[in-house]
Amino acid sequence: MMDPTSWMTIYPEIVLLVMACVIALVDLTVKSPRRTATYVLSLLTLAGVAWLNASYASADQTLYGWGRLVVSDPLGHWLKCFAALAVMVTLVYARPYAADRDMLRGGELFSLSLFALLGMDFMISGQNFLVIYLGLELLTLSSYALVALRRDHTPATEAAMKYFVLGAMASGFLLYGMSMLYGATGSLQLDEVLQAIASGQIKHQVLVFGLVFIVAGLAFKIGAVPFHMWIPDVYQGAPTAATLLIGGAPKLAAFAIIVRLLVEGLMPLAIDWQQMLSLLAIASLLIGNLAAIAQTNLKRMLAFSTIAQMGFVLLGFVAGVVNGQTTLAANAYSSAMFYVVGYVLTTLASFGIIMLLARQGFESEEISDLAGLNQRSPLYAGVMAICLFSLAGIPPMVGFYAKLAVLQSLVASGQGFYIGLAIFAVLMSLIGAFYYLRVVKVMYFDEPVTATTVSAPLDVRAVLSVNGLLVLVLGIVPGALMALCAQAVKSMLAL
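Residues numbered from 1 in each chain as written. Predicted model: local features only at pLDDT ≥ 70, side-chain atom pairs only at ≥ 80, totals over all residues. Heavy atoms only, no water.

A.B. asks: Describe the overall build of the chain, with residues and values.
C.D. replies: Counting secondary structure elements, the chain contains 21 helices and two strands. For a compact globule of 495 residues, the expected C-alpha radius of gyration is about 23 Å, and the chain comes in at 22 Å, within 12% of that figure. Along the three orthogonal principal directions, the C-alpha set of the chain runs to about 70 × 55 × 40 Å. Looking at the 495 residues of the chain, the share that counts as buried comes to 61%. Sequence-distant contacts, at least 24 apart, represent 80% of the contacts inside the chain between residues at least 6 apart. Accessible surface for the chain amounts to roughly 17900 Å². Of this, 69% is attributable to carbon and sulfur atoms. Side-chain charges in the chain split into 24 positive and 24 negative, and the spacing between the mean points of these groups amounts to 5 Å. (Helix = DSSP H or I, 4+ residues; strand = E, 2+ residues; numbered from the N terminus. Rg over C-alpha atoms; globule rule 2.2 N^0.38 Å. Buried < 20%, exposed > 50% of the residue type's maximum accessible area, 1.4 Å probe, protein only. Contact = heavy atoms within 4.5 Å. Areas by Shrake-Rupley, 256 points an atom, 1.4 Å probe, with all protein chains shown as cover. Lys, Arg positive; Asp, Glu negative; His and termini not counted. Charge placed at Lys NZ, Arg CZ, Asp CG, Glu CD.)

Put into structure tokens, the structure is as follows:
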């Protein structure tokens, strides 16, 4: 009989899988065109999964199950809790938008979102190359379908094809890198791979060859330059609901697999992968910010913004190991975790506003579509301004403290190269502030293109208000979230 501990390690995932199947079956009997029953059941499921993960995380235990294929630790459970909350908020914002575009003819939006979250959860808790890869594929296959969900919309179909082709190439890179490391170390288990590399008996050239493919695959998945080409096209072409589903919660899972693969599995090769990540970060900050300036489409601008933001996340991994010492690792990785959580929170609200302003037959995707938003709705203009200020790193928003934490981790290393990286990141942030503030100027100082007021359902209005408030409050009092991230990373590093 299977050890009860094994079942405990994936209990939230079991609940999520069962409920995703139940929701898919229940939806067959739902007649409402807005899928109210399916919607409510999905939100209750996500709230329950988030609560379960938060309860596990609060226990502060690290358990391994299923032959050490998966791990149950505070880092994983907090990330899964935040991911479940992010998907729940996404569905709240997405339902009115999807209903107006005939995307709720079936319950695929809800069931696919839950299966995508299930994939994220296995990415987050995997301790084996294959488990991580299977979780990644479950997420990406669900994402391909979500992007193509608006069947009669040519840009969405085109975006789905681009996403599928480039996503398959990224998966191939990652799988080939994993196969190289398996061939070199003789194991798919992260802890055994770590021990084999640390023994020093494996040729360094073989390990680095496999590492290059793994880093390239990870860079594809997070959209780092030069593997970023799919991000702008998919963000722009996909229905905004699908854009948020692939641009929000999956970033938490992407952070997790970088931690699992590079930190937990390949830490002895840190000197190599830190150099690779620093180059990716420099290119992402430069290209992402400069390309965003030229955009007139808001979703495309936010896509290039995402590329630049992921550059900042990568900087958090660059200074974890200095001169072979890991004394700064907890500070560096926790700052990257805080950055990802703050970024996802901000992204949810910003795309929520875009969906709110859209109406049947009108997408509200151009920056000019936000003209005079303050005159039409001061509340929603204020929420969008808070999000843009946060992305730009302007105090007292959460984005400012997140950037500050990453920069502090670089400067704390005392190394000239890392201090130079911090200065470069600040300069790129100044460039980035231009295109964010340009949108604020359009909202507050341009004449509105329409006199219609902005209305929203009660649930959307309430969640959007809380979302915007959190972006502000977590910037003013970031201590609790920062401490949570630090404790989670320390437990992962066994400090």
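A.B. asks: So what's going on with the nonpolar core? Residues and values would help.
C.D. replies: Residues Leu262, Leu266, Trp273, Phe317 and Tyr333 are the most contacted members of the largest nonpolar core, which totals 191 residues. In terms of residue count, the dominant contributor to this core is helix H15 (residues 329–357) (21 residues). Discounting chain neighbours no more than four positions away, the residues touching tyrosine 333 are Phe255, Val263, Met267, Trp273, Gly316, Phe317, Gly320, Val321, Val489 and Leu493. (Core = buried A, V, L, I, M, F, W, Y, C linked by side-chain atoms within 4.5 Å.)

A.B. asks: Any details on the state of the cysteines? Residues and values, ideally.
C.D. replies: Enumeration according to the criterion identifies zero disulfides in this entry. Cysteine cysteine 387 remains unbridged, with the sulfur of cysteine 485 as its closest cysteine sulfur at 19 Å. On the accessibility criterion, cysteine 387 (0% relative accessible area) is buried. (Disulfide = S-S within 2.5 Å.)

A.B. asks: Tell me about empty space enclosed by the protein, residues and numbers included.
C.D. replies: All told, the structure shown has six cavities of 30 Å³ or more when counted by the stated rule. The calculated volume of the largest cavity comes to roughly 200 Å³. Along the walls of the largest cavity sit 17 residues, with Leu139, Thr140, Tyr163, Lys221 and Trp230 positioned nearest its centre. Of all the elements in the fold, those that place two or more residues in the lining of the largest cavity are helix H6 (129–147), helix H7 (154–185), helix H9 (204–222) and helix H12 (250–265). When the residues that make up the lining of the largest cavity are grouped by side-chain class, the tally is twelve nonpolar, three polar and two charged. Estimated volume of the second largest cavity: approximately 80 Å³. Around the second largest cavity sit 15 residues that line it, and Asn289, Gln309, Leu391, Lys403 and Ser429 are the ones nearest its centre. Those elements that place two or more of their residues in the lining of the second largest cavity are helix H13 (270–293), helix H14 (298–318), helix H17 (378–392) and helix H19 (416–445). By residue number, the principal contributor to the lining of the second largest cavity is H19, which donates six residues. Of the residues that constitute the lining of the second largest cavity, the class distribution is ten nonpolar, four polar and one charged. (1 Å grid on protein atoms, 1.4 Å probe; cavity = no way out; pocket = protein on both sides within 12 Å on 5 of 7 lines; lining within 4 Å. Points joined across faces, edges and corners; volume = space filled by probe spheres on them. Nonpolar A, V, L, I, M, F, W, Y, C, P; charged D, E, K, R; others polar.)

A.B. asks: Provide a residue-level description of the pattern of salt bridges, including the pertinent values.
C.D. replies: Within this structure, the stated rule accounts for ten salt bridges. With its nearest N and O atoms 3.2 Å apart, the salt bridge here joins glutamate 158 to lysine 162. With glutamate 158 and lysine 162 both in helix H7 and four residues apart, the pair spans about one turn of that helix. What makes glutamate 158 partly exposed here is its relative accessible area of 44%. The salt bridge partner of aspartate 233 is lysine 162, with a shortest N-O separation of 3.4 Å. (Salt bridge = Lys/Arg side-chain N within 4 Å of Asp/Glu carboxyl O.)

A.B. asks: How would you summarise helix H8 (residues 190–198) if you had to cite specific residues and measurements?
C.D. replies: Of all the residues in H8, the buried ones are Leu190, Val193, Ala196 and Ile197. Projected down its long axis, H8 shows its buried positions confined to an angular sector of 125 degrees, all on one face. In H8, the exposed residues that point more than 90 degrees away from the buried face are Gln195 and Ala198. At its buried positions, H8 is contacted by H6, H7, H9 and H12. Two residues or fewer past H8, glycine 200 is found with a positive phi of approximately 75 degrees. (Arc of directions from axis to C-beta.)

A.B. asks: Go over unusual backbone geometry with me, naming the residues and quoting the values.
C.D. replies: A cis amide bond links valine 225 with the next residue in sequence, proline 226, at an omega value of 10 degrees. Checked against the element boundaries, proline 226 lands in the loop between H9 and helix H10 (230–237). Non-glycine residue arginine 68 carries a positive phi angle of around 65 degrees. What makes arginine 68 partly exposed here is its relative accessible area of 37%.

A.B. asks: Can you explain a nonpolar patch on the surface? Please cite residues and give values.
C.D. replies: On the surface, Val411, Ile419, Ile423, Val426, Leu427 and Leu430 cluster together into a nonpolar patch covering about 510 Å² of accessible area. Here the nonpolar patch takes five residues from H19, the largest share from any one element. Topologically, valine 426 is positioned in helix H19. Classification of valine 426 as partly exposed rests on a relative accessible area of 37%. (Patch = residues over 30% accessible without salt bridge, like charges linked within 9 Å, V, L, I, M, F, W, Y side chains within 5 Å.)

A.B. asks: Explain helix H11 (residues 240–247) to me, using residue names and the numbers behind them.
C.D. replies: Burial within H11 is extensive, with eight of its eight residues counted as buried. All of the buried residues in H11 are Thr240, Ala241, Ala242, Thr243, Leu244, Leu245, Ile246 and Gly247.

A.B. asks: I'd love a proper account of the packing of helix H2 (residues 11–26) against helix H5 (residues 108–125), names of residues and values included.
C.D. replies: Where H2 contacts H5, the two axes come as close as 9 Å, and the packing angle between them is 165 degrees. In terms of orientation, H2 and H5 fall into the roughly antiparallel class. Along this stretch, H2 crosses H5, giving a crossing that reads as left-handed. Where H2 approaches H5, its residues Glu13, Leu16, Leu17, Ala20, Cys21, Ile23 and Ala24 are matched on the opposing element by Ser111, Leu114, Phe115, Leu117, Leu118, Asp121, Phe122 and Ser125. Grouping the amino acids of the contact of H2 with H5 by side-chain chemistry returns eleven nonpolar, two polar and two charged. (Axes fitted to C-alpha atoms, helices over the stretch in contact; angles between N-to-C directions. Parallel < 35°, antiparallel > 145°, perpendicular 65-115°, else oblique. Left-handed = near helix turned anticlockwise from the far one by under 90°.)

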